[in-house]
Amino acid sequence: MTKLAFENKDFLWGDDAGSLRILSEYLHPKAEFIRNGVTDTVVVFGSARIPSPEGKKNANGALHKGLIPLVKYYEQAVEFSRLLSDWGNHFDREFPGRKLFISTGGGPGIMEAGNRGASEAGGESIALNIALPFEQHANPYATPKLSFEYHYFFMRKLWFMKHCRGIVAFPGGFGTFDELFEVLTLVQTGKKEKIPILLYGSEFWEKVVNFKALAEYGLINEEDLELFSFANTPEEAFRFFQEKIRLELTRKLGTKS
């Protein structure tokens, strides 16, 4: 029996249907976000390799020694996301008709911590997972109806930014750097309105990236160093976003907080 074109997997996964796959990764999340009232997000970036305390215990000595001191960031990401989501649970009291969610890459490590914190606060959270041959697998803490699997990195990144009111970058590797520096570039060039960007764990970030040197070489402007801030505790990070988001939405909507 001849299959309908949209049921023919050989066609849908072939070169001729690439535009359909891309469009699907745009339209499906859009429909679900509208259906679930998603208007605002805070995006949590960070390494998939940083384990939970339970994961560290179960590693049985197989954990890379460099990751051991970074386990604290998992716990702090959980607490930050719990605080943010607790506020988000009552967000419409301050801004009627709006809902604030934690959004992560949906995988393990810091991403898991973000969704876990939201779950502990009794809130829903978003997971934008990417299909990869290693490292990335969906964590169990994200809200199923707000969890998506992507083939295309660029479509996933689009949805990270679509409703974004701010991002926090915990320690991470290539993936975290890719996401962070793309956001910095979008804001620097005006392709994305200025949003609060927070680097969590100043000890890590100042050791691995010499931002001041980029300005000294003239590769970025001095004022570009003001595109981001640092925080070292969950409470500090939460207050940072709460203040920035309140100011921005009050300005934008004319709503008294």
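Residues numbered from 1 in each chain as written. Predicted model: local features only at pLDDT ≥ 70, side-chain atom pairs only at ≥ 80, totals over all residues. Heavy atoms only, no water.

Student: What's the story with the packing of helix α4 (residues 71–88) against helix α11 (residues 234–253) in this structure? I'm lost.
Tutor: Describing two packed helices takes the angle between their axes plus the distance from one axis to the other. Contact pair α4 / α11: the axes reach a minimum separation of 9 Å and the direction vectors enclose 35°. Remark: the crossing between α4 and α11 carries right-handed chirality. Two secondary-structure elements touch here, α4 through Q76, E79, F80, L83, L84 and W87 and α11 through P234, E235, A237, F238, F241, Q242, I245 and R246. Its residues assigned to classes, the contact of α4 with α11 comprises 9 nonpolar, 2 polar and 3 charged. (Axes fitted to C-alpha atoms, helices over the stretch in contact; angles between N-to-C directions. Helix = DSSP H or I, 4+ residues; strand = E, 2+ residues; numbered from the N terminus. Left-handed = near helix turned anticlockwise from the far one by under 90°. Contact = heavy atoms within 4.5 Å. Nonpolar A, V, L, I, M, F, W, Y, C, P; charged D, E, K, R; others polar.)

Student: I tried to follow the environment of K56 on my own but got confused; where do I start?
Tutor: Along the chain, K56 turns up in helix α3 (residues 53–58). Given a relative accessible area of 36%, K56 falls into the partly exposed group. Residues in contact with K56, not counting those within four places in the same chain, are P51, L63, I68 and V71. (Buried < 20%, exposed > 50% of the residue type's maximum accessible area, 1.4 Å probe, protein only.)

Student: Explain the nonpolar core here, please?
Tutor: Ranked by internal contacts, the top residues of the largest apolar core, which has 68 residues, are F80, L84, I167, I197 and F241. At 8 residues, α4 tops the list of elements feeding residues into this core. For F241, the residues in contact, after removing those within four places along its chain, are V42, F80, L84, W87, G166, I167, V168, P196, L198 and R246. (Core = buried A, V, L, I, M, F, W, Y, C linked by side-chain atoms within 4.5 Å.)

Student: Could you clarify how one ought to interpret the pattern of salt bridges in this entry?
Tutor: When the charged atoms of two side chains with opposite charge come close together, those side chains can pair. With the rule as written, the count across this model stands at 13 salt bridges. Residue R35 pairs with E32 through a salt bridge whose shortest N-O separation is 2.5 Å. Here R35 and its partner E32 are both found in helix α2 (residues 18–35), 3 residues apart, which amounts to about one turn of the helix. For E32, a relative accessible area of 18% gives the class buried. For D40, the salt bridge identified is with R98, shortest N-O distance 2.9 Å. Of this pair, D40 sits in strand β1 (residues 40–45) while R98 sits in the loop between α5 (91–94) and β2 (100–104), placing them 58 residues apart in sequence. Under the relative-accessibility criterion, D40 is labelled buried at 0%. Accessibility expressed as a relative area gives 15% for R98, which makes it buried. Taken together, the shared-partner salt bridges in this structure form one network comprising D40, R98, R165 and E193. (Salt bridge = Lys/Arg side-chain N within 4 Å of Asp/Glu carboxyl O.)

What is shown is where atoms sit, not what they do.
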